[in-house]
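What follows is each chain in one-letter form.
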Protein chains: 2
Amino acid sequence: MASTTPAVIASEETAKPRRADAQRNYDKLLAAAREIFREHGAQASLDDIAKRAGVGPGTLYRHFPTRDDLIDAVMREWSEDVDSDSDEVIAAGLDAQETLRTWFGKFVENIGVYRGAAAKVMSAMDDESSPIYRKCQVLVGANDKVLTHLAGRGELRDGVDSREVMRLVSGIATVADQSHLSVDESTPMLDIVIQGILRDPSAP
Amino acid sequence: MASTTPAVIASEETAKPRRADAQRNYDKLLAAAREIFREHGAQASLDDIAKRAGVGPGTLYRHFPTRDDLIDAVMREWSEDVDSDSDEVIAAGLDAQETLRTWFGKFVENIGVYRGAAAKVMSAMDDESSPIYRKCQVLVGANDKVLTHLAGRGELRDGVDSREVMRLVSGIATVADQSHLSVDESTPMLDIVIQGILRDPSAP
DNA sequence: ACCTGAACACCGTTCAAGT
DNA sequence: ACCTGAACACCGTTCAAGT
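Participant: Just to check I follow, could you spell out the protein's contact with DNA strand C for this structure?
Facilitator: The immediate surroundings of DNA strand C are formed by 18 residues, with A:R19, A:N25, A:G56, A:T59 and B:Y61 found nearest. Per the 4 Å cut-off to the protein, sugar and phosphate atoms form 67% of the nearby atoms of DNA strand C. Between DNA strand C and B:D47, the relevant distance is 3.2 Å, taken from a phosphate oxygen to a main-chain nitrogen or oxygen of the residue. B:Y61 is positioned such that a nitrogen or oxygen atom in its side chain is 2.6 Å from a phosphate oxygen of DNA strand C. When residues of the surface near DNA strand C are traced back to their parent elements, those giving at least two are α2 (20-40) and α4 (57-63) of chain A together with α3 (46-53) and α4 (57-63) of chain B.

Below you can see the structure in the form of C-alpha coordinates.
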(Lines give C-alpha, C1' and ligand atoms only; values in the text may rest on other atoms or scores of the structure.)
Protein backbone atom coordinates (compact mmCIF):
# COMPACT_ATOMS: atom_id res chain seq x y z
CA MET A 1 0.00 0.00 0.00
CA ALA A 2 1.76 3.12 -1.19
CA SER A 3 1.23 5.96 1.26
CA THR A 4 0.49 9.28 -0.32
CA THR A 5 1.23 12.61 1.31
CA PRO A 6 -2.03 13.94 2.72
CA ALA A 7 -3.38 16.53 0.35
CA VAL A 8 -3.54 19.87 2.12
CA ILE A 9 -4.54 22.41 -0.45
CA ALA A 10 -5.16 26.08 0.05
CA SER A 11 -7.85 27.39 -2.28
CA GLU A 12 -5.53 28.84 -4.86
CA GLU A 13 -7.97 30.93 -6.83
CA THR A 14 -9.17 32.95 -3.88
CA ALA A 15 -5.61 33.38 -2.62
CA LYS A 16 -4.44 35.05 -5.80
CA PRO A 17 -5.18 38.81 -5.69
CA ARG A 18 -7.05 40.09 -8.71
CA ARG A 19 -8.60 43.23 -9.93
CA ALA A 20 -12.31 43.33 -9.17
CA ASP A 21 -13.41 43.03 -12.79
CA ALA A 22 -10.96 40.20 -13.39
CA GLN A 23 -12.32 38.32 -10.42
CA ARG A 24 -15.85 38.84 -11.65
CA ASN A 25 -14.95 37.50 -15.08
CA TYR A 26 -13.15 34.56 -13.52
CA ASP A 27 -16.25 33.68 -11.54
CA LYS A 28 -18.56 34.13 -14.50
CA LEU A 29 -16.33 31.88 -16.60
CA LEU A 30 -16.31 29.18 -13.96
CA ALA A 31 -20.09 29.27 -13.58
CA ALA A 32 -20.55 29.18 -17.35
CA ALA A 33 -18.07 26.32 -17.66
CA ARG A 34 -19.94 24.29 -15.07
CA GLU A 35 -23.21 24.79 -16.93
CA ILE A 36 -21.83 24.02 -20.34
CA PHE A 37 -19.71 21.09 -19.22
CA ARG A 38 -22.79 19.66 -17.56
CA GLU A 39 -24.75 20.04 -20.78
CA HIS A 40 -22.16 19.04 -23.34
CA GLY A 41 -19.37 17.33 -21.44
CA ALA A 42 -15.75 18.27 -20.92
CA GLN A 43 -15.15 18.57 -24.68
CA ALA A 44 -17.66 21.40 -25.06
CA SER A 45 -16.79 24.43 -27.15
CA LEU A 46 -14.68 26.93 -25.22
CA ASP A 47 -16.15 29.68 -27.36
CA ASP A 48 -19.61 28.80 -26.09
CA ILE A 49 -18.34 29.11 -22.53
CA ALA A 50 -16.91 32.56 -23.19
CA LYS A 51 -20.18 33.59 -24.87
CA ARG A 52 -22.28 32.28 -21.99
CA ALA A 53 -20.05 34.14 -19.55
CA GLY A 54 -20.42 37.28 -21.64
CA VAL A 55 -16.70 37.82 -22.15
CA GLY A 56 -14.40 37.74 -25.15
CA PRO A 57 -12.58 34.54 -25.96
CA GLY A 58 -9.27 36.18 -25.10
CA THR A 59 -10.43 36.63 -21.53
CA LEU A 60 -11.04 32.94 -21.17
CA TYR A 61 -7.52 32.20 -22.39
CA ARG A 62 -6.04 34.77 -20.05
CA HIS A 63 -7.54 33.00 -17.03
CA PHE A 64 -7.33 29.45 -18.33
CA PRO A 65 -4.53 28.95 -20.84
CA THR A 66 -5.62 25.40 -21.62
CA ARG A 67 -8.83 23.44 -21.46
CA ASP A 68 -7.39 21.32 -18.69
CA ASP A 69 -6.75 24.39 -16.56
CA LEU A 70 -10.44 25.19 -16.80
CA ILE A 71 -11.46 21.62 -16.02
CA ASP A 72 -9.09 21.66 -13.09
CA ALA A 73 -10.78 24.74 -11.64
CA VAL A 74 -14.23 23.29 -12.19
CA MET A 75 -13.19 20.11 -10.41
CA ARG A 76 -11.94 21.85 -7.29
CA GLU A 77 -14.80 21.59 -4.82
CA TRP A 78 -15.86 18.40 -6.47
CA SER A 79 -12.60 16.68 -5.57
CA GLU A 80 -13.01 17.93 -2.03
CA ASP A 81 -16.43 16.27 -1.93
CA VAL A 82 -14.88 12.99 -2.98
CA ASP A 83 -12.22 13.35 -0.32
CA SER A 84 -14.75 13.93 2.45
CA ASP A 85 -16.77 10.98 1.13
CA SER A 86 -13.82 8.75 1.90
CA ASP A 87 -13.77 9.91 5.52
CA GLU A 88 -17.51 9.35 5.87
CA VAL A 89 -17.27 5.86 4.46
CA ILE A 90 -14.52 4.93 6.87
CA ALA A 91 -16.41 6.39 9.83
CA ALA A 92 -19.62 4.57 8.90
CA GLY A 93 -18.26 1.28 10.24
CA LEU A 94 -19.62 -0.93 7.50
CA ASP A 95 -18.14 -4.33 6.73
CA ALA A 96 -15.39 -4.48 4.13
CA GLN A 97 -17.59 -5.35 1.18
CA GLU A 98 -20.15 -2.64 1.92
CA THR A 99 -17.39 -0.13 2.54
CA LEU A 100 -15.94 -0.70 -0.89
CA ARG A 101 -19.33 -0.75 -2.60
CA THR A 102 -20.24 2.56 -1.06
CA TRP A 103 -16.87 4.15 -1.74
CA PHE A 104 -16.49 2.99 -5.33
CA GLY A 105 -20.13 3.84 -6.00
CA LYS A 106 -19.71 7.40 -4.77
CA PHE A 107 -16.49 7.73 -6.72
CA VAL A 108 -18.06 6.64 -9.99
CA GLU A 109 -21.12 8.78 -9.35
CA ASN A 110 -19.12 11.90 -8.59
CA ILE A 111 -16.72 11.52 -11.47
CA GLY A 112 -19.67 11.03 -13.82
CA VAL A 113 -21.11 14.51 -13.28
CA TYR A 114 -19.34 15.86 -16.35
CA ARG A 115 -19.15 13.65 -19.37
CA GLY A 116 -15.54 13.16 -20.34
CA ALA A 117 -14.22 13.97 -16.87
CA ALA A 118 -13.56 10.34 -16.02
CA ALA A 119 -11.30 9.94 -19.03
CA LYS A 120 -9.47 13.13 -18.07
CA VAL A 121 -8.88 11.93 -14.52
CA MET A 122 -7.83 8.54 -15.79
CA SER A 123 -5.07 9.87 -18.01
CA ALA A 124 -3.99 12.71 -15.71
CA MET A 125 -3.26 10.21 -12.94
CA ASP A 126 0.03 9.28 -14.57
CA ASP A 127 0.82 12.57 -16.22
CA GLU A 128 2.60 15.00 -13.93
CA SER A 129 2.53 17.72 -16.55
CA SER A 130 -1.26 17.77 -16.58
CA PRO A 131 -2.94 20.66 -14.72
CA ILE A 132 -5.36 18.07 -13.33
CA TYR A 133 -2.55 15.96 -11.90
CA ARG A 134 -2.74 17.56 -8.45
CA LYS A 135 -6.50 17.08 -8.32
CA CYS A 136 -5.95 13.43 -9.11
CA GLN A 137 -3.56 13.20 -6.20
CA VAL A 138 -6.44 14.17 -3.91
CA LEU A 139 -8.48 11.31 -5.32
CA VAL A 140 -5.56 8.91 -5.14
CA GLY A 141 -5.05 9.93 -1.51
CA ALA A 142 -8.73 9.49 -0.64
CA ASN A 143 -8.79 6.06 -2.21
CA ASP A 144 -5.61 5.12 -0.41
CA LYS A 145 -7.15 6.13 2.91
CA VAL A 146 -10.06 3.75 2.44
CA LEU A 147 -7.93 0.85 1.29
CA THR A 148 -5.31 1.36 4.00
CA HIS A 149 -8.10 1.31 6.56
CA LEU A 150 -9.28 -2.06 5.28
CA ALA A 151 -5.75 -3.41 4.91
CA GLY A 152 -5.08 -2.52 8.54
CA ARG A 153 -7.89 -4.87 9.52
CA GLY A 154 -6.44 -7.60 7.30
CA GLU A 155 -9.38 -7.54 4.95
CA LEU A 156 -7.45 -7.18 1.69
CA ARG A 157 -5.47 -9.72 -0.26
CA ASP A 158 -1.70 -9.44 -0.06
CA GLY A 159 -0.08 -7.20 -2.62
CA VAL A 160 -3.11 -5.06 -3.41
CA ASP A 161 -1.83 -1.69 -4.62
CA SER A 162 -4.20 1.21 -4.15
CA ARG A 163 -2.93 2.96 -7.27
CA GLU A 164 -3.86 -0.03 -9.40
CA VAL A 165 -7.28 -0.13 -7.79
CA MET A 166 -7.69 3.56 -8.48
CA ARG A 167 -6.75 3.02 -12.13
CA LEU A 168 -9.27 0.22 -12.38
CA VAL A 169 -12.10 2.15 -10.81
CA SER A 170 -11.46 5.23 -12.91
CA GLY A 171 -11.45 2.91 -15.91
CA ILE A 172 -14.86 1.63 -14.85
CA ALA A 173 -16.05 5.19 -14.41
CA THR A 174 -14.88 5.91 -17.95
CA VAL A 175 -16.71 2.89 -19.31
CA ALA A 176 -19.86 3.94 -17.46
CA ASP A 177 -19.47 7.46 -18.78
CA GLN A 178 -18.85 6.64 -22.42
CA SER A 179 -21.42 3.85 -22.57
CA HIS A 180 -24.00 5.98 -20.76
CA LEU A 181 -24.42 3.41 -18.01
CA SER A 182 -26.23 4.32 -14.82
CA VAL A 183 -24.48 3.86 -11.50
CA ASP A 184 -26.49 0.68 -10.95
CA GLU A 185 -25.30 -0.71 -14.24
CA SER A 186 -21.70 -0.26 -13.21
CA THR A 187 -22.03 -2.24 -9.98
CA PRO A 188 -21.45 -5.64 -11.62
CA MET A 189 -18.04 -4.41 -12.73
CA LEU A 190 -17.30 -2.91 -9.35
CA ASP A 191 -18.31 -6.16 -7.66
CA ILE A 192 -15.78 -8.07 -9.72
CA VAL A 193 -13.07 -5.70 -8.59
CA ILE A 194 -14.22 -5.95 -4.99
CA GLN A 195 -14.08 -9.76 -5.15
CA GLY A 196 -10.64 -9.37 -6.66
CA ILE A 197 -9.15 -7.36 -3.83
CA LEU A 198 -10.97 -8.69 -0.77
CA ARG A 199 -9.39 -11.59 1.08
CA ASP A 200 -11.46 -14.78 0.74
CA PRO A 201 -14.15 -14.93 3.42
CA SER A 202 -13.18 -18.58 4.01
CA ALA A 203 -9.74 -17.62 5.31
CA PRO A 204 -10.02 -16.16 8.81
CA MET B 1 -23.06 -16.45 -19.53
CA ALA B 2 -24.82 -14.89 -22.49
CA SER B 3 -24.22 -16.90 -25.65
CA THR B 4 -23.45 -14.82 -28.71
CA THR B 5 -24.13 -15.90 -32.24
CA PRO B 6 -20.86 -17.08 -33.77
CA ALA B 7 -19.48 -14.31 -35.93
CA VAL B 8 -19.31 -15.52 -39.51
CA ILE B 9 -18.38 -12.54 -41.58
CA ALA B 10 -17.84 -12.42 -45.30
CA SER B 11 -15.20 -9.88 -46.26
CA GLU B 12 -17.59 -7.11 -47.19
CA GLU B 13 -15.18 -4.81 -48.92
CA THR B 14 -14.00 -7.37 -51.45
CA ALA B 15 -17.56 -8.57 -52.02
CA LYS B 16 -18.78 -5.15 -53.13
CA PRO B 17 -18.03 -4.70 -56.85
CA ARG B 18 -16.20 -1.46 -57.60
CA ARG B 19 -14.65 0.27 -60.48
CA ALA B 20 -10.94 -0.49 -60.72
CA ASP B 21 -9.82 3.04 -59.85
CA ALA B 22 -12.27 3.18 -56.94
CA GLN B 23 -10.92 -0.08 -55.57
CA ARG B 24 -7.38 1.23 -55.88
CA ASN B 25 -8.29 4.41 -54.02
CA TYR B 26 -10.09 2.41 -51.36
CA ASP B 27 -6.98 0.30 -50.82
CA LYS B 28 -4.68 3.32 -50.77
CA LEU B 29 -6.91 5.02 -48.21
CA LEU B 30 -6.93 1.97 -45.97
CA ALA B 31 -3.16 1.63 -46.13
CA ALA B 32 -2.69 5.33 -45.42
CA ALA B 33 -5.17 5.19 -42.53
CA ARG B 34 -3.28 2.29 -40.97
CA GLU B 35 -0.03 4.22 -41.17
CA ILE B 36 -1.43 7.48 -39.87
CA PHE B 37 -3.52 5.89 -37.14
CA ARG B 38 -0.43 4.01 -36.01
CA GLU B 39 1.52 7.27 -35.88
CA HIS B 40 -1.09 9.64 -34.47
CA GLY B 41 -3.86 7.46 -33.09
CA ALA B 42 -7.49 7.10 -34.09
CA GLN B 43 -8.09 10.86 -33.79
CA ALA B 44 -5.59 11.70 -36.51
CA SER B 45 -6.48 14.23 -39.18
CA LEU B 46 -8.58 12.73 -41.96
CA ASP B 47 -7.12 15.29 -44.32
CA ASP B 48 -3.66 13.89 -43.67
CA ILE B 49 -4.91 10.44 -44.53
CA ALA B 50 -6.34 11.63 -47.82
CA LYS B 51 -3.09 13.46 -48.58
CA ARG B 52 -0.96 10.41 -47.76
CA ALA B 53 -3.19 8.29 -49.97
CA GLY B 54 -2.82 10.86 -52.73
CA VAL B 55 -6.55 11.45 -53.20
CA GLY B 56 -8.87 14.39 -52.65
CA PRO B 57 -10.68 14.69 -49.32
CA GLY B 58 -13.99 14.07 -51.09
CA THR B 59 -12.84 10.62 -52.12
CA LEU B 60 -12.21 9.69 -48.52
CA TYR B 61 -15.74 10.76 -47.61
CA ARG B 62 -17.21 8.85 -50.49
CA HIS B 63 -15.72 5.60 -49.26
CA PHE B 64 -15.91 6.32 -45.53
CA PRO B 65 -18.72 8.71 -44.62
CA THR B 66 -17.63 8.92 -40.99
CA ARG B 67 -14.41 8.47 -39.08
CA ASP B 68 -15.85 5.39 -37.45
CA ASP B 69 -16.50 3.77 -40.82
CA LEU B 70 -12.81 4.14 -41.56
CA ILE B 71 -11.78 2.80 -38.18
CA ASP B 72 -14.14 -0.08 -38.67
CA ALA B 73 -12.47 -1.00 -41.95
CA VAL B 74 -8.99 -0.70 -40.44
CA MET B 75 -10.03 -2.98 -37.61
CA ARG B 76 -11.28 -5.76 -39.82
CA GLU B 77 -8.42 -8.24 -39.94
CA TRP B 78 -7.36 -7.13 -36.54
CA SER B 79 -10.62 -8.30 -34.97
CA GLU B 80 -10.19 -11.58 -36.79
CA ASP B 81 -6.77 -11.95 -35.17
CA VAL B 82 -8.31 -11.45 -31.75
CA ASP B 83 -10.97 -14.01 -32.53
CA SER B 84 -8.44 -16.64 -33.56
CA ASP B 85 -6.41 -15.81 -30.44
CA SER B 86 -9.36 -16.94 -28.36
CA ASP B 87 -9.39 -20.32 -30.09
CA GLU B 88 -5.65 -20.75 -29.61
CA VAL B 89 -5.89 -19.92 -25.93
CA ILE B 90 -8.64 -22.46 -25.39
CA ALA B 91 -6.74 -25.12 -27.33
CA ALA B 92 -3.55 -24.50 -25.38
CA GLY B 93 -4.89 -26.38 -22.37
CA LEU B 94 -3.53 -24.01 -19.72
CA ASP B 95 -5.01 -23.79 -16.26
CA ALA B 96 -7.76 -21.27 -15.66
CA GLN B 97 -5.55 -18.50 -14.34
CA GLU B 98 -3.00 -18.77 -17.13
CA THR B 99 -5.76 -18.99 -19.71
CA LEU B 100 -7.22 -15.69 -18.58
CA ARG B 101 -3.85 -14.01 -18.25
CA THR B 102 -2.94 -14.99 -21.79
CA TRP B 103 -6.31 -14.09 -23.24
CA PHE B 104 -6.70 -10.73 -21.51
CA GLY B 105 -3.07 -9.90 -22.24
CA LYS B 106 -3.49 -10.54 -25.94
CA PHE B 107 -6.70 -8.59 -25.96
CA VAL B 108 -5.15 -5.53 -24.37
CA GLU B 109 -2.09 -5.80 -26.58
CA ASN B 110 -4.10 -6.06 -29.78
CA ILE B 111 -6.50 -3.28 -28.94
CA GLY B 112 -3.56 -1.05 -28.10
CA VAL B 113 -2.10 -1.02 -31.60
CA TYR B 114 -3.88 2.21 -32.45
CA ARG B 115 -4.08 4.85 -29.76
CA GLY B 116 -7.69 5.72 -29.12
CA ALA B 117 -9.00 2.43 -30.49
CA ALA B 118 -9.67 1.01 -27.03
CA ALA B 119 -11.94 3.91 -26.15
CA LYS B 120 -13.77 3.48 -29.45
CA VAL B 121 -14.34 -0.22 -28.84
CA MET B 122 -15.40 0.48 -25.28
CA SER B 123 -18.16 2.88 -26.24
CA ALA B 124 -19.22 1.06 -29.39
CA MET B 125 -19.94 -2.09 -27.38
CA ASP B 126 -23.24 -0.63 -26.20
CA ASP B 127 -24.04 1.52 -29.19
CA GLU B 128 -25.83 -0.35 -31.96
CA SER B 129 -25.77 2.68 -34.21
CA SER B 130 -21.97 2.73 -34.26
CA PRO B 131 -20.30 1.38 -37.41
CA ILE B 132 -17.88 -0.41 -35.09
CA TYR B 133 -20.66 -2.18 -33.24
CA ARG B 134 -20.48 -5.32 -35.36
CA LYS B 135 -16.74 -5.52 -34.91
CA CYS B 136 -17.26 -5.33 -31.19
CA GLN B 137 -19.65 -8.24 -31.43
CA VAL B 138 -16.77 -10.34 -32.76
CA LEU B 139 -14.71 -9.40 -29.71
CA VAL B 140 -17.64 -10.00 -27.36
CA GLY B 141 -18.14 -13.40 -28.97
CA ALA B 142 -14.46 -14.32 -28.67
CA ASN B 143 -14.38 -13.32 -25.02
CA ASP B 144 -17.56 -15.27 -24.38
CA LYS B 145 -16.01 -18.38 -25.94
CA VAL B 146 -13.09 -18.28 -23.51
CA LEU B 147 -15.24 -17.62 -20.46
CA THR B 148 -17.84 -20.22 -21.41
CA HIS B 149 -15.05 -22.75 -21.77
CA LEU B 150 -13.87 -22.04 -18.23
CA ALA B 151 -17.41 -21.90 -16.85
CA GLY B 152 -18.07 -25.34 -18.33
CA ARG B 153 -15.25 -26.67 -16.19
CA GLY B 154 -16.70 -24.95 -13.13
CA GLU B 155 -13.75 -22.61 -12.79
CA LEU B 156 -15.71 -19.34 -12.62
CA ARG B 157 -17.68 -17.83 -9.78
CA ASP B 158 -21.44 -18.00 -10.07
CA GLY B 159 -23.08 -15.10 -11.86
CA VAL B 160 -20.07 -13.96 -13.85
CA ASP B 161 -21.36 -12.24 -16.98
CA SER B 162 -18.97 -12.23 -19.92
CA ARG B 163 -20.27 -8.86 -21.14
CA GLU B 164 -19.34 -7.22 -17.85
CA VAL B 165 -15.92 -8.81 -18.01
CA MET B 166 -15.52 -7.54 -21.54
CA ARG B 167 -16.46 -4.03 -20.41
CA LEU B 168 -13.94 -4.22 -17.61
CA VAL B 169 -11.11 -5.46 -19.78
CA SER B 170 -11.78 -2.89 -22.47
CA GLY B 171 -11.76 -0.31 -19.70
CA ILE B 172 -8.34 -1.55 -18.61
CA ALA B 173 -7.18 -1.41 -22.21
CA THR B 174 -8.34 2.19 -22.34
CA VAL B 175 -6.50 3.04 -19.15
CA ALA B 176 -3.36 1.39 -20.49
CA ASP B 177 -3.76 3.27 -23.76
CA GLN B 178 -4.39 6.74 -22.34
CA SER B 179 -1.81 6.42 -19.57
CA HIS B 180 0.77 4.99 -21.99
CA LEU B 181 1.20 1.86 -19.90
CA SER B 182 3.01 -1.13 -21.30
CA VAL B 183 1.28 -4.49 -21.40
CA ASP B 184 3.28 -5.52 -18.36
CA GLU B 185 2.10 -2.51 -16.44
CA SER B 186 -1.50 -3.45 -17.04
CA THR B 187 -1.16 -6.98 -15.61
CA PRO B 188 -1.74 -5.91 -11.99
CA MET B 189 -5.17 -4.62 -13.00
CA LEU B 190 -5.88 -7.71 -15.04
CA ASP B 191 -4.86 -9.91 -12.11
CA ILE B 192 -7.39 -8.20 -9.87
CA VAL B 193 -10.11 -8.94 -12.40
CA ILE B 194 -8.94 -12.53 -12.73
CA GLN B 195 -9.08 -12.97 -8.96
CA GLY B 196 -12.53 -11.43 -9.09
CA ILE B 197 -14.01 -13.91 -11.54
CA LEU B 198 -12.17 -17.14 -10.72
CA ARG B 199 -13.74 -19.45 -8.18
CA ASP B 200 -11.67 -19.65 -4.98
CA PRO B 201 -8.96 -22.28 -5.29
CA SER B 202 -9.90 -23.51 -1.80
CA ALA B 203 -13.35 -24.64 -2.95
CA PRO B 204 -13.05 -27.90 -4.93
C1' DA C 1 -3.48 44.99 -15.58
C1' DC C 2 -7.09 43.47 -17.97
C1' DC C 3 -10.62 43.21 -21.74
C1' DT C 4 -12.23 43.09 -26.48
C1' DG C 5 -13.02 41.27 -30.85
C1' DA C 6 -11.09 41.00 -35.33
C1' DA C 7 -7.99 37.97 -37.56
C1' DC C 8 -5.66 33.79 -38.34
C1' DA C 9 -5.08 28.79 -38.61
C1' DC C 10 -6.63 24.32 -38.84
C1' DC C 11 -9.59 20.81 -40.12
C1' DG C 12 -13.86 18.48 -41.16
C1' DT C 13 -17.40 18.45 -44.75
C1' DT C 14 -19.82 19.55 -48.98
C1' DC C 15 -20.56 20.12 -53.81
C1' DA C 16 -20.15 21.94 -58.54
C1' DA C 17 -17.40 20.78 -62.30
C1' DG C 18 -14.83 17.42 -64.69
C1' DT C 19 -13.64 12.54 -66.51
C1' DA D 1 -19.79 6.11 -61.35
C1' DC D 2 -16.16 8.24 -59.42
C1' DC D 3 -12.64 11.92 -58.57
C1' DT D 4 -11.03 16.58 -57.67
C1' DG D 5 -10.25 20.59 -55.14
C1' DA D 6 -12.19 24.97 -54.17
C1' DA D 7 -15.31 26.70 -50.83
C1' DC D 8 -17.65 26.79 -46.58
C1' DA D 9 -18.21 26.26 -41.59
C1' DC D 10 -16.66 25.76 -37.14
C1' DC D 11 -13.67 26.46 -33.48
C1' DG D 12 -9.40 27.11 -30.99
C1' DT D 13 -5.87 30.65 -30.42
C1' DT D 14 -3.46 35.00 -30.81
C1' DC D 15 -2.72 39.86 -30.58
C1' DA D 16 -3.11 44.82 -31.59
C1' DA D 17 -5.89 48.35 -29.85
C1' DG D 18 -8.47 50.16 -26.17
C1' DT D 19 -9.71 51.10 -21.04
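Continuing now.
Participant: How do you make sense of the interface of chain B and chain A when you look at a structure like this?
Facilitator: Each side of the interface is counted separately: chain B has 26 residues, and chain A has 26 residues. Both faces combined, the contact of chain B with chain A buries some 2,200 Å², and carbon together with sulfur accounts for 69% of it. Of all residues in chain B, B:M122, B:L168 and B:I192 give up the largest surface area on contact with chain A, accounting jointly for 25% of the area buried on that side. Mapped by element, the contributors of at least two residues to the side of chain B that touches chain A are α8 (117-124), α10 (162-178) and α11 (183-197) of chain B. With 9 residues, α10(B) is the single largest residue contributor to the side of chain B that touches chain A. Residues of the side of chain B that touches chain A, tallied by class, amount to 12 nonpolar, 8 polar and 6 charged.

Participant: Hey, could you run me through the protein's contact with DNA strand D in this one?
Facilitator: In the vicinity of DNA strand D, 19 residues are found, and the nearest of them are A:Y61, B:R19, B:N25, B:G56 and B:T59. Near the protein, within 4 Å, the atoms of DNA strand D are sugar or phosphate in 68% of cases. The separation between a phosphate oxygen of DNA strand D and a polar side-chain atom of B:N25 is 2.4 Å. At the level of elements, α3 (46-53) and α4 of chain A together with α2 (20-40) and α4 of chain B are the ones that each hand at least two residues to the surface near DNA strand D. At 5 residues, the largest contribution of residues to the surface near DNA strand D is made by α4(B). Here the residues of the surface near DNA strand D sort into 7 nonpolar, 7 polar and 5 charged.

Participant: Looking at this structure, I do not really get the packing of aromatic side chains. What am I missing?
Facilitator: How two aromatic rings sit relative to each other is set out by the distance from centre to centre and by the angle between their planes. Residues and elements named next belong to chain B. Applying the stated criterion to the full structure yields 6 aromatic pairs over all chains. Plain terms: the ring middles of F37 and Y114 are 6.3 Å apart, the flat faces sit at 75° to each other, and that makes the pair edge-to-face. On the criterion of sequence distance, the pair formed by F37 in helix α2 and Y114 in the loop between α7 (96-111) and α8 is long-range, its members being 77 residues apart. Residue F37 is classed as buried on the basis of its relative accessible area of 2%. By relative accessible area, Y114 is classed as buried at 9%.

Participant: What am I meant to see in the pattern of salt bridges here?
Facilitator: Residues and elements named next belong to chain A. Using the criterion set out here, one finds 36 salt bridges over all chains in the structure. In this structure, the salt-bridge partner of K51 is D47, at a minimum N-O distance of 3.4 Å. You can see K51 and its partner D47 sitting in helix α3, 4 residues apart, about one turn around the helix. Relative accessible area serves as the criterion here: at 59%, K51 is assigned to the exposed category. For D47, a relative accessible area of 39% gives the class partly exposed. Residue R163 pairs with D126 through a salt bridge whose shortest N-O separation is 3.3 Å. A residue pair is termed long-range when its members are at least 10 positions apart, and R163 in helix α10 (residues 162-178) and D126 in the loop between α8 (117-124) and α9 (133-152) qualify at 37 residues. Classification of R163 as partly exposed rests on a relative accessible area of 24%. Overall, the relative accessible area of 29% leaves D126 in the partly exposed class. Each of D126, R163, E164 and R167 takes part in one network of salt bridges that share partners.

Cut-offs applied
- Residues numbered from 1 in each chain as written.
- Chains lettered and ligands numbered in written order.
- Predicted model: local features only at pLDDT ≥ 70, side-chain atom pairs only at ≥ 80, totals over all residues.
- Heavy atoms only, no water.
- Near = heavy atom within 4 Å.
- Polar contact = N/O pair within 3.5 Å; in protein donor to acceptor, adjacent residues only side chain to side chain.
- Helix = DSSP H or I, 4+ residues; strand = E, 2+ residues; numbered from the N terminus.
- Contact = heavy atoms within 4.5 Å.
- Buried area = accessible area lost by both parts, 1.4 Å probe.
- Nonpolar A, V, L, I, M, F, W, Y, C, P; charged D, E, K, R; others polar.
- Phe/Tyr/Trp six-rings, centres within 6.5 Å; stacked < 30°, edge-to-face > 60°.
- Buried < 20%, exposed > 50% of the residue type's maximum accessible area, 1.4 Å probe, protein only.
- Salt bridge = Lys/Arg side-chain N within 4 Å of Asp/Glu carboxyl O.

No statement about biological role is implied by the geometric values presented.
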